[in-house]
Amino acid sequence: MNSIFTGIQMVDLKSQYKKIKTEVDQEILDTIESAAFINGPKVKQFKEHMERYLNVASVVPCANGTDALQIAMMALGLQPGDEIIVPAFTYVATAEVIALLQLKPVMIDVDPDHFNINIEQVEQALTPKTKAIVPVHLFGQSVDMTPLLEFAKAHNLYIIEDNAQSIGADVQLSTGTQKAGTIGHIGCTSFYPAKNLGAFGDGGAIFTNDAELAEKITAIANHGQAKQRYYHDMIGVNSRLDALQAVVLNIKLKHLDDYAAARNKAAQFYDNTLKDIEQIQTPKRVSWSNHVFHQYTLKVPANHRDSLKQFLQKQGVPSMIYYPVPLYKQKAFQPFVDSNITLPVTEKLCDTVISLPMHTELQEEQLNYISEQIHTYFDKNE
Ligand SMILES: *Cc1c(COP(=O)(O)O)cnc(C)c1O
C-alpha cells in the first residue's frame, strides 16, 4: 500500500484548488487578457487586501519568502560582520540570507515544547556586535513577542519576523492582539504553494508599520528605484510578485481564516486520537498565540522516529522530518559558525520530530486511518 492507494497527501493542493476553481480560472483569464503582468492592478489590490487583513501600514509583495528576508535586512542598513541572532531549528532560508549579506548568523537553541526561541536563549547570545534578532514563528505558532520586544528595545536591536509559517496567527501582546509578522520592525512571509497562504508558484511579502522603511523596502525590491523610473538611489534587487500569483492569493486570502480553522480541526482530531500513546508528545499550545498549524509535529523517541516514518510510508501515510539537521551542522554554514557550537534541544528535536499530513482538505476517515496506523506501530513496538 502506498499513498497513491490511500490518497493521503502531506499537502493536498488539488482538492483545495477545485473548491475555488471557477473564480480563479476566470480571474486568471481576465488578467491574461489585460496583459498587466507586472505591478498591475491585481498586485495593488492584493497589497491593499493584505494590509487590511493584517492591520499593518505597508505590505510590499515580492518574489518569494527568501527575498523578503534579504530585502528586509538590506533595508535596515546592516553592515558586514554585524551579528544577527537566529534559531538553529528553522528552514535554511532564515540564516542563508544573513550569510549572503556577509552578516554573521548567531544560532541559538529553541524551546523543547513549542519549538520557538525564548528570551533566555536570546539573552545569552547578545554581544556588542548584535544588531538584529530574527524570531521565526515556526509551524504555525508565534514566538513570545512581549519579552522579545522589551529586550530588543533595551539593547537597540532590530526585530525581523520570519513569518513564512504563521500567516494569520494572532499574537497576544501587553498592548493587545496583533497579527504575527506585524510586530517587529519588519515581518516577512512566503507564498510558496505549500505554505498556509500558497500561490501557484513562488511569492512573498514584507510587512512594516514604519513609513520610511516601507519606502526603502519598496525601492530595494525594484532595483533601488525610488520614485522616478530609471533613477536608482541604492543597490536593490529584482523581486516582484507576479500579477497571476496576486490573483490566486487575493482569492485565497478570503478563505485564510477558514483554512486555519480546517487545519485546527484536523489538529484537534490528531490530539484526541493520539493523546493516549505514551511514547508520543502531541504539539503544545502556547498562551500568547493561537495556532494556524502550518505543521502538525509530534515528538517520538529517537529510536522509533525513522522506523515509524518507514512504517507509515508502507501503510500509505506520508510524513516529513522538519528539520533533520541543525543549521550549524549544515556544510554550507561551516565558514559562518563557531566550530564548537552544540545546541542540545535543537539536536534532540532533529532526532525526534515527525510531521504528519496537514492541510485544509483532510477528511475524517483519512485522519482516522492515519492515527490507527500510528497506534498499530506503537502497539507492536512498546
Ligand atoms: C518557506 C520558508 C522560507 C522561505 O520562503 P520561500 O518563499 O520558499 O523563499 C523562509 N523561512 C521559513 C521559516 C520558511 O518556512
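As a starting point, this report considers the structure included with it. (Residues numbered from 1 in each chain as written. Predicted model: local features only at pLDDT ≥ 70, side-chain atom pairs only at ≥ 80, totals over all residues. Heavy atoms only, no water.)

## Considering the overall build of the protein
Move 1: A count of helical and extended segments in the protein gives 13 helices and 11 strands.
Move 2: Taken over the C-alpha trace, the protein has a radius of gyration of 21 Å; the compact-globule value for 382 residues is 21 Å, and the two agree within 12%.
Move 3: Dimensions along the principal axes, computed over C-alpha positions, put the protein at roughly 70 × 55 × 40 Å.
Move 4: With 382 residues in all, the protein has 55% of them scored as buried.
Move 5: Long-range contacts, defined as pairs at least 24 residues apart, comprise 73% of the intrachain contacts of the protein with a sequence gap of at least 6.
Move 6: When the accessible surface of the protein is totalled, it reaches about 17300 Å², and 51% of it is carbon and sulfur.
Move 7: For the protein, the distance from the average site of its 33 positive side-chain charges to the average site of its 43 negative ones is 3 Å. (Helix = DSSP H or I, 4+ residues; strand = E, 2+ residues; numbered from the N terminus. Rg over C-alpha atoms; globule rule 2.2 N^0.38 Å. Buried < 20%, exposed > 50% of the residue type's maximum accessible area, 1.4 Å probe, protein only. Contact = heavy atoms within 4.5 Å. Areas by Shrake-Rupley, 256 points an atom, 1.4 Å probe, with all protein chains shown as cover. Lys, Arg positive; Asp, Glu negative; His and termini not counted. Charge placed at Lys NZ, Arg CZ, Asp CG, Glu CD.)

## What about helix α4 (residues 65-75)?
Move 1: Across the 11 residues of α4, nine count as buried, placing the element largely inside the fold.
Move 2: All of the buried residues along α4 are Gly65, Asp67, Ala68, Leu69, Gln70, Ile71, Ala72, Met73 and Ala75.
Move 3: Looking at the buried side of α4, the elements it contacts are β1 (58-62), α5 (93-100), β5 (158-162), β8 (186-190), β9 (204-208) and α8 (211-221).
Move 4: Measuring from the backbone nitrogen of Thr66 back to the side-chain oxygen at the start of α4 gives 3.0 Å, which picks out Asn64 as the cap. (Polar contact = N/O pair within 3.5 Å; in protein donor to acceptor, adjacent residues only side chain to side chain.)

## Digging into the layout of surface pockets
Move 1: Here the largest pocket is characterised by a volume of approximately 690 Å³.
Move 2: Contributing to the lining of the largest pocket are 27 residues, with Asn39, Thr218, Ala219, Asn222 and Gln225 lying nearest its centre.
Move 3: Among the elements of the structure, α3 (41-54), β1 and α8 are those that each provide at least two residues to the lining of the largest pocket.
Move 4: A total of five residues in the lining of the largest pocket trace back to one element, the largest contributor, which is α8.
Move 5: Taken together, the residues of the lining of the largest pocket break down into 11 nonpolar, eight polar and eight charged.
Move 6: Roughly 550 Å³ of internal volume is contained in the second largest pocket.
Move 7: Lining the second largest pocket are 28 residues, with Tyr91, Gln165, Tyr192, Lys195 and Tyr323 positioned closest to its centre. (1 Å grid on protein atoms, 1.4 Å probe; cavity = no way out; pocket = protein on both sides within 12 Å on 5 of 7 lines; lining within 4 Å. Points joined across faces, edges and corners; volume = space filled by probe spheres on them. Nonpolar A, V, L, I, M, F, W, Y, C, P; charged D, E, K, R; others polar.)

## Observations regarding the packing of α4 against α5
Move 1: Remark: α4 packs on α5, axes separated minimally by 9 Å, with the N-to-C direction vectors making an angle of 45°. Here α4 is positioned oblique relative to α5, judged by the angle of their axes. For the pair α4 and α5, the sense of crossing is right-handed. Of α5, the residues touching α4 (which contributes Thr66, Leu69, Gln70 and Met73) are Ala93, Thr94, Glu96, Val97, Ile98 and Leu100. (Axes fitted to C-alpha atoms, helices over the stretch in contact; angles between N-to-C directions. Parallel < 35°, antiparallel > 145°, perpendicular 65-115°, else oblique. Left-handed = near helix turned anticlockwise from the far one by under 90°.)

## Some thoughts on empty space enclosed by the protein
Move 1: Evaluation of the coordinates by the stated rule reveals three cavities of 30 Å³ or more.
Move 2: Roughly 70 Å³ of volume is contained in the largest cavity.
Move 3: Along the walls of the largest cavity sit 13 residues, with Val11, Leu13, Gln16, Lys195 and Arg263 positioned nearest its centre.
Move 4: Sorting the residues of the lining of the largest cavity by element identifies α2 (13-34) and α10 (256-274) as the ones contributing at least two each.

## Here's the deal with the pairing of β1
Move 1: By the criterion of burial, β1 is predominantly enclosed, with five of the five residues buried.
Move 2: Relative to β9, β1 runs antiparallel, the two being bridged by five bridges. Bridging across to β9, Cys62 finds its partner in Gly204. (Pairing = 2+ DSSP bridges.)

## Here's the deal with the side chain of Gln165
Move 1: By the secondary structure assignment, Gln165 is in the loop between β5 and β6 (170-173).
Move 2: Judged by relative accessible area, Gln165 falls into the buried class, the value being 8%.
Move 3: A polar contact is formed between the side chain of Gln165 and the backbone nitrogen of Phe139, at a distance of 2.7 Å.
Move 4: Aside from chain neighbours lying at most four places away, what touches Gln165 is His137, Leu138, Phe139, Gly140, Asn196, Val292, His294 and Tyr323.

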